2 protein chains.
Amino acid sequence: MPPLYTKIIKDNHLSNTKSRRTLFKILNQQSQPVSIRRIVNNALPFMNKSTAYRILNVFDEAGIINLTYAGWKQTVELSDTFKGHHHHISCIDCGQIIAFEETHDLVEQLRLVSLKYQFKATSHSLELRGICAHCSQNIT
Amino acid sequence: MPPLYTKIIKDNHLSNTKSRRTLFKILNQQSQPVSIRRIVNNALPFMNKSTAYRILNVFDEAGIINLTYAGWKQTVELSDTFKGHHHHISCIDCGQIIAFEETHDLVEQLRLVSLKYQFKATSHSLELRGICAHCSQNIT
DNA sequence: ATCCATGCAAAATGTTTGCAATAGA
DNA sequence: TCTATTGCAAACATTTTGCATGGAT
């Protein structure tokens, strides 16, 4: 288990249980954000359905996971703490989701927006949708 | 009914039914993105539950609505065609959602990201979360 | 008249809850 | 030991589907 995981569990006064470690591993295996359904299904052989949902809630409150979005679908992935701060580009053709890090200039633009509305921003998310390089070459 | 609505219905070879007009009006009354549940509940006195869901799907395919997101919650609103292109700032304290238009500079930064990944972007969404001006003044 | 859209009821899917049993600190 | 967590079953909520009826073009 990553030291960071153990630390967060401890800091939040949570039990370091087998089910939670298992669910964390499942989340950690994903190369892209995936649906809650998929996570729950993957967890099903190892724990009860309700346990999986409960752990997802606990992980959310502890900031271990983030909800992200790919078009219509709500997806989940490990939080910035584990994955680093990033955003997603999703291909509407092949469904692939690519992560990208924001540039300094982009952050600056977002800061200006917050400033304009006298808004203390604590987080933000950004998603680009379109056709990826691979799919635009293979016109079907 | 807005001429634009009638045109989209016609262009997509859809029937201009009472239920669809009613659901459009309900969507049009909302000052913020709202949950699907709320839309369905508002529609319930006027049509069947399954009709409401079916219309939401049809409206999505026809580009009449957009799904948006406010934190954990999936929400729906009329598309850019009706509301104009914009993004959302949501207050994690009072729950208010403020719409803002993107600046030229912000668009330019997004264009650079797409360019970097050789990605043909067709749409994008952006959400800022934090504390709104009003809530940061009224510290509870 | 023809076909699309709707209502209804039922199924399928997704999520939460109460309580007893169990495992972690 | 003591409390937090889990399993189980059942409730609850959300969404989809098949088919007969009704409405729109």
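Look up a bit, the structure's there.
Residues numbered from 1 in each chain as written. Chains lettered and ligands numbered in written order. Predicted model: local features only at pLDDT ≥ 70, side-chain atom pairs only at ≥ 80, totals over all residues. Heavy atoms only, no water.

Is there a simple way to think about the protein's contact with DNA strand D in this case?
What surrounds DNA strand D is a group of 19 residues, the closest being T17, R20 and T51 of chain A together with R37 and Y53 of chain B. Those atoms of DNA strand D that come within 4 Å of the protein belong to sugar or phosphate at a rate of 65%. T17 of chain A is positioned such that a nitrogen or oxygen atom in its side chain is 2.7 Å from a phosphate oxygen of DNA strand D. Taking N16 of chain B, its main chain carries an N or O atom lying 3.4 Å from a phosphate oxygen of DNA strand D. Listed by contribution, the elements that provide at least two residues to the surface near DNA strand D are α2 (18-29) and α4 (49-61) of chain A together with α3 (36-43) and α4 (49-61) of chain B. The element that contributes the greatest number of residues to the surface near DNA strand D is α4 of chain B, accounting for five residues. When grouped by side-chain class, the residues that make up the surface near DNA strand D number five nonpolar, nine polar and five charged. (Near = heavy atom within 4 Å. Polar contact = N/O pair within 3.5 Å; in protein donor to acceptor, adjacent residues only side chain to side chain. Helix = DSSP H or I, 4+ residues; strand = E, 2+ residues; numbered from the N terminus. Nonpolar A, V, L, I, M, F, W, Y, C, P; charged D, E, K, R; others polar.)

Help me out: how do you make sense of the nonpolar core in this one?
It is characteristic of soluble globular proteins that their nonpolar side chains tend to be buried jointly. Residues L23, F59 and I64 of chain A together with L23, F59 and I64 of chain B are the most contacted members of the largest nonpolar core, which totals 50 residues. If near-sequence neighbours (up to four positions away) are discounted, I64 of chain A is found in contact with Y5, I8, I9, F24, F59, L78, S79 and F82 of chain A. With 22 residues, the next largest nonpolar core counts F119, L128 and C132 of chain A together with L126 of chain B among its residues. (Core = buried A, V, L, I, M, F, W, Y, C linked by side-chain atoms within 4.5 Å. Buried < 20%, exposed > 50% of the residue type's maximum accessible area, 1.4 Å probe, protein only. Contact = heavy atoms within 4.5 Å.)

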